[in-house]
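A structural walkthrough
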Amino acid sequence: MLTVEGNEDQLDVSGLTVVRHRPSEEGAPRVVIVHGSMDTSRSFAGLARNLGEFEVLRYDRRGYGDNLLPSAPAPRFRDHVNDLLAVLGDRPAYVLGHSLGGAVTLTAAAHAARSFLGVMVYEAPLPWTDWWPAPALPSRSSASEAEVRQTAEAFLHRLMGTERWESWNVERRELFLGWAPAWASELQDASLDGAPFQAEDLTVPLLVSYGTATDERHRRGALEIAQRTGAPLVPLEGGTHAAPHLMPQELAAVVRGFVSSHEHAGQTVDR
């Protein structure tokens, strides 16, 4: 274990670097954060700091950020599910998944409920449904590196706007494009392999959230997950898809309320 700074430790879990935010009190509930596509856990540093009463773990998913692992094959969707279960280990926790990280979290919870005290998802996508807009992906899983990078760059143009993308220096653009293989692989799996979980298999406490200023597909996706699972649907006023980064205090309040309600209800296991 290496101290990063302040109340943060750096852990190694199955070859992945995990950042642990130590809680203000020992024995506090643990919250694990799972980021989405073309992102890293750094987007959730502010959220973690706003959850100081909990032990918070955040990590870059395989193929991203500190866990780029360039010499390894592009990770598959199932690899991300297995990595989350490895991070959870033998200590059940509350897990917050954002965007595709929400899909990873729901899949893991459907297959290994005992590892979860509860699940929160913010704008998890449903790319395997017939109504979700098909993402522009490389033509095949064996596409060349050049095609994967070109497709990922087009995605980033659409995601953040050409003006913003082109305002970045070459080094920062290359950083994002280095995540292209992981992005393409996980979205190909999620889009083409069918639903990775079934609503009836989700037996853990669940909360679904979305931002009131988000796009229609993410709003509809949140509504559909809530309806199919019977989970409460909590809108984040003024939130966009980037709310975990832009509105950490507001999202922390949602997380805090969810965890506290289940802790007080006694829906926990010995830690």
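Our subject is the structure that appears above.
Presented here is an overview of the structure given in this document.

1. Brief notes about helix α4 (residues 145–160)
Spanning 16 residues, α4 covers 22 Å between terminal C-alpha atoms, matching the ideal 22 Å at 1.5 Å per step. Three or more residues of α4 are buried, namely V148, T151, A152, F155, L156, H157 and M160. On its buried face, α4 is in contact with α5 (162–167), α6 (170–177) and α7 (180–192). Positive phi shows up at G161, right after α4, with a value of about 95°.

2. Some words on the pattern of salt bridges
The full count for this structure, using the stated rule, is 15 salt bridges. A salt bridge links D9 to R20; the shortest N-O distance between them is 2.6 Å. Of the two residues, D9 sits in strand β2 (residues 8–13) while R20 sits in strand β3 (residues 16–21), which places them 11 residues apart along the sequence. Neither D9 nor R20 differs from the other in exposure class; each is buried. The residue R217 makes a salt bridge to D215 at a minimum N-O spacing of 3.3 Å. Using a relative accessible area of 28% as the deciding quantity, one classes D215 as partly exposed. It is possible to trace a salt-bridge network through shared partners that takes in D9, R20, R22, R30, E55 and R91.

3. Examining the layout of surface pockets
Counted as a void, the largest pocket has a volume near 1300 Å³. Lining the largest pocket are 41 residues, with S37, M38, D39, L159 and H241 sitting closest to its centre. Listing elements by their share of the lining of the largest pocket, those giving two or more residues are α4, α6, α8 (216–229) and α9 (243–246). Take the lining of the largest pocket: its biggest share by element is 4 residues, from α4. A class-by-class count of the residues in the lining of the largest pocket yields 21 nonpolar, 11 polar and 9 charged. Of the pockets and cavities examined, the second largest pocket occupies roughly 390 Å³. Forming the boundary of the second largest pocket are 25 residues, of which A72, A74, G178, P181 and A182 lie nearest the centre. Every element with two or more residues in the lining of the second largest pocket is listed here: α4 and α7.

4. Concerning the packing of aromatic side chains
In total, this model carries 8 aromatic pairs according to the counting rule given. Geometrically, the ring pair formed by W128 and F197 is edge-to-face, given 5.7 Å between the ring centres and 85° between the ring planes. Here the residue W128 occupies a position in the loop between β7 (116–122) and α4, and F197 occupies one in the loop between α7 and β8 (206–211), the gap between them amounting to 69 residues. On the basis of relative accessible area, W128 is assigned to the buried category, the value being 17%. With centroids separated by 5.6 Å and ring planes inclined at 50°, the aromatic side chains of W165 and W168 adopt a geometry described as tilted.

Conventions used here
- Residues numbered from 1 in each chain as written.
- Predicted model: local features only at pLDDT ≥ 70, side-chain atom pairs only at ≥ 80, totals over all residues.
- Heavy atoms only, no water.
- Helix = DSSP H or I, 4+ residues; strand = E, 2+ residues; numbered from the N terminus.
- Expected span 1.5 Å × (residues − 1).
- Buried < 20%, exposed > 50% of the residue type's maximum accessible area, 1.4 Å probe, protein only.
- Contact = heavy atoms within 4.5 Å.
- Salt bridge = Lys/Arg side-chain N within 4 Å of Asp/Glu carboxyl O.
- 1 Å grid on protein atoms, 1.4 Å probe; cavity = no way out; pocket = protein on both sides within 12 Å on 5 of 7 lines; lining within 4 Å.
- Points joined across faces, edges and corners; volume = space filled by probe spheres on them.
- Nonpolar A, V, L, I, M, F, W, Y, C, P; charged D, E, K, R; others polar.
- Phe/Tyr/Trp six-rings, centres within 6.5 Å; stacked < 30°, edge-to-face > 60°.

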